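# Fold and contact review
Here are the chains, one letter per residue:
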Amino acid sequence: MAAFHSMAAVFLYLGLGHLALASAQVCGMPSVSDRIVNGQDAVEGAWPWQVSLQVDNKHICGGSVITENWIVSAAHCYYGLNISQSRYTACVGEYQLTYGNPNAVCSTIQTLILHPSYTATGDPGDIMLMELSTPLNFTNYIMPICLPSPFVQVPSGTQCWTSGWGHINSSVPLSDPKTLQQVMVPIIDRSTCDAMYHIGSTVPASTQIILSDMICAGYQAGGKDSCQGDSGGPLVCKAGDSWFLAGVVSWGDGCAQAYRPGVYTLVTAYNSWIKTWVPDVTFQPYIISPIPSSNIKITMSAFSFFLPFLLLLCLNAF
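First, a word on what this report is: a plain description of the structure on this page. None of these values were measured; they are calculated from a predicted model.

## Points about the environment of G240
- One can find G240 in the loop between strand 13 (234–239) and strand 14 (242–251).
- What makes G240 buried here is its relative accessible area of 10%.

## A few points about the nonpolar core
- Counting residues in hydrophobic clusters, the biggest one holds 48 residues, and the most contacted among them are W47 and I274.
- Counting only elements with at least two residues in this core, the list comes to strand 3 (50–55), strand 4 (58–65), strand 5 (70–73), strand 6 (88–92), strand 7 (105–114), strand 8 (128–132), strand 14 and helix 2 (271–277).
- At four residues, strand 8 tops the list of elements feeding residues into this core.
- Residues within four places of I274 in sequence aside, it is in contact with I66, I127, L129, L147, V267 and V281.
- Counting residues in each nonpolar core, the second largest holds 20 residues, with C27, L235, V249 and L266 among its members.

## Things to note about empty space enclosed by the protein
- Taken as a whole, the largest cavity encloses approximately 90 Å³ of empty space.
- Looking at the largest cavity, the residues that line it are V43, E44, G45, A46, W47, P48, Q50, G93, E94, Y95, Y141 and L180.
- Class assignment for the residues of the lining of the largest cavity results in seven nonpolar, three polar and two charged.

## A look at the state of the cysteines
- Per the stated rule, a full pass over the model turns up five disulfides.
- Each sulfur of the disulfide joining C27 and C146 lies 2.0 Å from the other. A torsion of 105 degrees about the S-S bond marks the disulfide between C27 and C146 as right-handed. You can see C27 sitting in the loop between strand 2 (17–21) and strand 3 and its partner C146 sitting in the loop between strand 8 and strand 9 (147–148), a full 119 residues away along the chain. With respect to burial, C27 and C146 carry one shared label: buried.
- One disulfide bridge connects C91 with C106, the sulfur atoms lying 2.1 Å from each other. On the sign convention where negative means left-handed, the S-S torsion of about 110 degrees between C91 and C106 marks this disulfide as right-handed. Here C91 is found in strand 6, whereas its partner C106 is found in strand 7, with 15 residues between them in sequence.

## A few points about the side chain of S250
- Positionally, S250 belongs in strand 14.
- According to the relative accessible area criterion, S250 is buried, its value standing at 9%.
- In this structure the side chain of S250 is engaged in a polar contact, spanning 2.6 Å, whose partner is the side chain of D126.
- Setting aside chain neighbours within four positions, we find S250 in contact with H76, D126, S231, V263, Y264 and T265.

## So, the environment of V43
- You can see V43 is positioned in the loop between strand 2 and strand 3.
- On the accessibility criterion, V43 (23% relative accessible area) is partly exposed.
- Remark: the alpha-carbon pair of V43 and V32, spanning 11 residues in sequence, is separated by 7.6 Å.

## Some points on the sheet that holds strand 12 (residues 214–217)
- Reading around the barrel, the six strands line up as 10-11-12-15-14-13 and close back on themselves, with antiparallel pairing between neighbours. In this sheet, neighbouring strand axes are inclined to one another by 45 degrees on average, regardless of whether the strands run parallel or antiparallel.
- One ladder, built from four bridges, connects strand 14 with strand 15 (residues 262–266); its direction is antiparallel. Looking at strand 15, one finds that V249 is bridged to Y264.
- Packed on one face of the sheet, helix 1 (residues 190–198) meets strand 11 (181–188), strand 12, strand 14 and strand 15 and runs near 105 degrees to strand 11.

Each value, and the rule that gives it
- Residues numbered from 1 in each chain as written.
- Predicted model: local features only at pLDDT ≥ 70, side-chain atom pairs only at ≥ 80, totals over all residues.
- Heavy atoms only, no water.
- Helix = DSSP H or I, 4+ residues; strand = E, 2+ residues; numbered from the N terminus.
- Buried < 20%, exposed > 50% of the residue type's maximum accessible area, 1.4 Å probe, protein only.
- Core = buried A, V, L, I, M, F, W, Y, C linked by side-chain atoms within 4.5 Å.
- Contact = heavy atoms within 4.5 Å.
- 1 Å grid on protein atoms, 1.4 Å probe; cavity = no way out; pocket = protein on both sides within 12 Å on 5 of 7 lines; lining within 4 Å.
- Points joined across faces, edges and corners; volume = space filled by probe spheres on them.
- Nonpolar A, V, L, I, M, F, W, Y, C, P; charged D, E, K, R; others polar.
- Disulfide = S-S within 2.5 Å.
- Polar contact = N/O pair within 3.5 Å; in protein donor to acceptor, adjacent residues only side chain to side chain.
- Pairing = 2+ DSSP bridges.
- Axes fitted to C-alpha atoms, helices over the stretch in contact; angles between N-to-C directions.

Geometry only, nothing functional implied.
Okay, structure coming up:
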C-alpha cells in the first residue's frame, strides 16, 4: 500500500448509488466489521479472504479465496518470473507476517492457470487461478469473498476497499511486524481514469490505456493507492452485510501519484473463464442503480412546472 495507504434483498446507500442483493449468502461476511481509514492497520479477521502469496516463504503478492479449493490472483504474480510453481505457497488467515499465526493455514499449489491473454503490464487478462493442494476449512479468519454476476457494474464514486502487505511507498517496504494494511478507495469510471493516464503521457489520446477489462479506484490527487506486493489482492465493495470482489490489483504508474489511480482487473469480465475452471463457484446477483445526480434538480423541475398555477392561485386570493 502506498503513502497513507499501505493499504437477502438489502439496499445500501453508497453516495452515488445503492445496491440490492437478492439472495442470502455465506461468502463475504466477516465476523469482524471494524474499519480504519487512511491506509492504516486492518483489524485481524476483517478481510478473511485475503491471501498472502509467497515464494520460498516470502510474501510477493496478494490474492483472494473464492472457494475451499481455489484462490484468484494476478497473472503477473507468476508470468515471466521464471519461478517454479512448486515454490509458491498460499497462506490464508494471516495478519502479521513477521510472526506465526495460529489462525493461518498455508497450502502449496496443485494447479496454476494463467489467462491466455496476458503477456505484459497493461495487457488484458491480468488474472490467475490457483488450486490449493489442501482444501480450506472456513473459520472466522478464513472465508471466501463473493463474486458478482456478469451484469454487475459499480458506479463511479462507490467507496470500496483494498488490502495487502505491499510497500508503503514505491521503494519502501512494509516494516515489521508487517501488519495487514487496508484503505478505502472510490471507484473512478473508465473514461475518466483513461483521461487521467493520458496526462503527461506520450500515448496518443486516441489510444486507450484503461481497457474494457479494467476498473480504476483511487484519488485524482493520489496519496492512497496499492503498491508493490499488493498485486493480485482484492478490491472489494459492500452490499448490505456482504462484500464482493470487484477487482484484482493489477497495475499502476508508480504508487499513489496524482492522476495515476490504481488499476484493477475487472472480475466480471472473467466470470465465464473462472466458471470454466471452477465449476462450483457461484456469482451473486447484485443490482446497482445509480442515484440521480441531483434530487434538487428534479424538485426544481417540478416546482417550475407548478409555479404558474401557484401564482394564479395567489393572484386570485387577492
